[in-house]
Amino acid sequence: MFKSFFPSPKLFFSSFIVWCAVSVLAWYGGGAELGAGIFGSSDPEAAPVIGLGHFITPEFLWFYIFFIVFAGIFIAFWHFKEKHPWEIWSVTGSAVLLFVTYFNVQVSVAINNWRRPFFDAVQNALSDSSTTTASDLFTYIWIFVQLAFLFISVIVVFRFFVSHWIFRWRTAMNNYYLERWKQVRHIEGASQRVQEDTMRFASIMEGLGVSAVDAVMTLIAFLPILWGLSEYVPEIPFFGAVPQALVWAAILWSIFGTVLLAVTGIRLPGLEFKNQRVEAAFRKELVYGEDDFDRAELPKMIDLFNDVRRNYFRLYLEYMYFNVFRFAYIQADNIFAMLLLIPSIIAGAAIGFTFGVMQQVLTAFSQVSSSFQYLVNSWPTVVDLLSIHKRLKAFEAAIDNEDLPDIDKEWLQKNSEADNAV
């Protein structure tokens, strides 16, 4: 799954994570200030730049250079260490994915910066002593339109690139397995694993993998913003005054949801894996029956379909139990942030808490908590990916002359006995 596309996968991904951490620490530990000395910096007391100008501030120009340097070092290291046939797509392509994802997150940051002045202008327009004109509101709307078109343009090109990047990964897996077909053809559902499982793996990684990177980038971008906005929420219900209450609330609430769903859905990957196995056995016997009159007889097909039905019914029951907790948490999440803001809403103008600030806080809190809730939001897809990973891992065990998992040994023995009986 991985070594077909990435050079030395274990070392590559561990070095990737370490280098990303080093880059982030370097940026927040003095790299940003270094750029300020070279390019100058915006007035720290000034309001954030609203609109497209956000992307050409001195800080952003320096960030572009900073990213290119650090990404270039990583790409050069892997180019000289191991000349992998797919390194342009796997290594350089990964760097492109990171940059464009972060840029898209910054568009969301720019929109969040727009929310405060816009909604404050709306609040002012609704007051008795309004100084807001229709021209002011049209100007803010036009700024939003510019940001929206930028987001659309970038995300469309980005999704096009991701689709090609993922298909190259599928191509690498496909070629790797086909070159070793004689070693794996005896595995249950070998043709399905090469064709369908690699396709599903690539398809899921297209959505799930990009979402994971987006969640991390969103967290890096919005956590400092939420930290700063916490000054407008000096206390929260039931706990009173808590420093940086919004940040701690987002982290603890998200951890609670992730652990809750991980525990309640722990059996789902195994059931999904078994589901693929019984479906493959049922389908394979039907295929044999197309060419052999003595195969796919009714009693055997009824037994095979009963295995399918039994596993599906167990899966339905497990998902019902899982969904009780999942949807209860999601509904509670819809009002959790508003619950935290009740004391600040009541205090209002006394602490500078305006309608625009509230919108900005809600958006930043939602972005941060959603990043921490990545597994909560993606758990059904994660379950599907884990089941496919189990199947392909068993497939690769045959290639590497390793022991097959018990479930595949059981199937091979059962299939051998059935063939002998025939």
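Residues numbered from 1 in each chain as written. Predicted model: local features only at pLDDT ≥ 70, side-chain atom pairs only at ≥ 80, totals over all residues. Heavy atoms only, no water.

*Asks:* Give me the lowdown on the overall build of the protein, citing residues and values where you can.
*Replies:* When helices and strands are tallied, the protein shows 12 helices and two strands. For the protein, the sequential pattern of α-helices and β-strands runs α-α-α-α-α-α-β-β-α-α-α-α-α-α. Here the C-alpha coordinates of the protein stretch approximately 90 × 50 × 40 Å along the principal axes. A total of 422 residues make up the protein; the buried ones form 41% of that total. (Helix = DSSP H or I, 4+ residues; strand = E, 2+ residues; numbered from the N terminus. Buried < 20%, exposed > 50% of the residue type's maximum accessible area, 1.4 Å probe, protein only.)

*Asks:* Go over a nonpolar patch on the surface, please, and point to the residues and values.
*Replies:* A grouping of Phe238, Phe239, Leu339, Ile342 and Ile346 is seen on the molecular surface, where their side chains present a nonpolar patch of about 640 Å² in accessible area. Its location among the elements puts isoleucine 346 in helix α9 (residues 298-347). (Patch = residues over 30% accessible without salt bridge, like charges linked within 9 Å, V, L, I, M, F, W, Y side chains within 5 Å. Areas by Shrake-Rupley, 256 points an atom, 1.4 Å probe, with all protein chains shown as cover. Salt bridge = Lys/Arg side-chain N within 4 Å of Asp/Glu carboxyl O.)

*Asks:* Got a sec to walk through the environment of valine 22? Specific residues and values, please.
*Replies:* On the secondary structure map, valine 22 appears in helix α1 (residues 9-39). A relative accessible area of 36% places valine 22 in the partly exposed class. For the pair valine 22 and phenylalanine 70, spaced 48 residues apart in sequence, the C-alpha separation works out to 9.5 Å.

*Asks:* I'd like a description of the packing of helix α8 (residues 268-291) against α9, backed by residues and values.
*Replies:* At their nearest, the axes of α8 and α9 sit 9 Å apart, and the two run at 160 degrees to each other. The pairing of α8 with α9 is recorded here as roughly antiparallel in orientation. For α8 against α9, the interelement crossing comes out left-handed. Here the residues of the contact of α8 with α9 are counted per class, giving 14 nonpolar, two polar and eight charged. (Axes fitted to C-alpha atoms, helices over the stretch in contact; angles between N-to-C directions. Parallel < 35°, antiparallel > 145°, perpendicular 65-115°, else oblique. Left-handed = near helix turned anticlockwise from the far one by under 90°. Nonpolar A, V, L, I, M, F, W, Y, C, P; charged D, E, K, R; others polar.)

*Asks:* Give me the lowdown on a negative patch on the surface, citing residues and values where you can.
*Replies:* Judged by side-chain charge, Glu290, Asp291, Asp292, Asp294 and Glu297 come together as a negatively charged surface patch. According to the relative accessible area criterion, aspartate 291 is exposed, its value standing at 74%. (Lys, Arg positive; Asp, Glu negative; His and termini not counted. Charge placed at Lys NZ, Arg CZ, Asp CG, Glu CD.)

*Asks:* Outline the UniProt feature "transmembrane region" (unreviewed entry) in the protein, supporting the account with residue identities and numerical values.
*Replies:* Here, UniProt's "transmembrane region" (unreviewed entry) annotation points to residues 61-80, 87-105, 137-162, 208-227, 247-268, 311-329 and 335-357. Taken as a whole, residues 247-268 contains 86% helix and 0% strand, while its terminal C-alpha atoms sit 32 Å from one another. (UniProt positions renumbered as here; feature names shortened; annotations may be inferred.)

*Asks:* Can you tell me about unusual backbone geometry, naming the residues and giving the values?
*Replies:* A negative phi holds for most residues other than glycine; trans holds for most peptide bonds. Although it is not a glycine, serine 8 adopts a positive phi angle of roughly 40 degrees. Within the secondary structure, serine 8 is located in the segment before α1. Of the residues examined, serine 8 reaches a relative accessible area of 27% and is grouped as partly exposed. One non-glycine residue, phenylalanine 238, adopts positive backbone phi at about 75 degrees. You can see phenylalanine 238 is positioned in the loop between β1 (235-236) and β2 (240-241).

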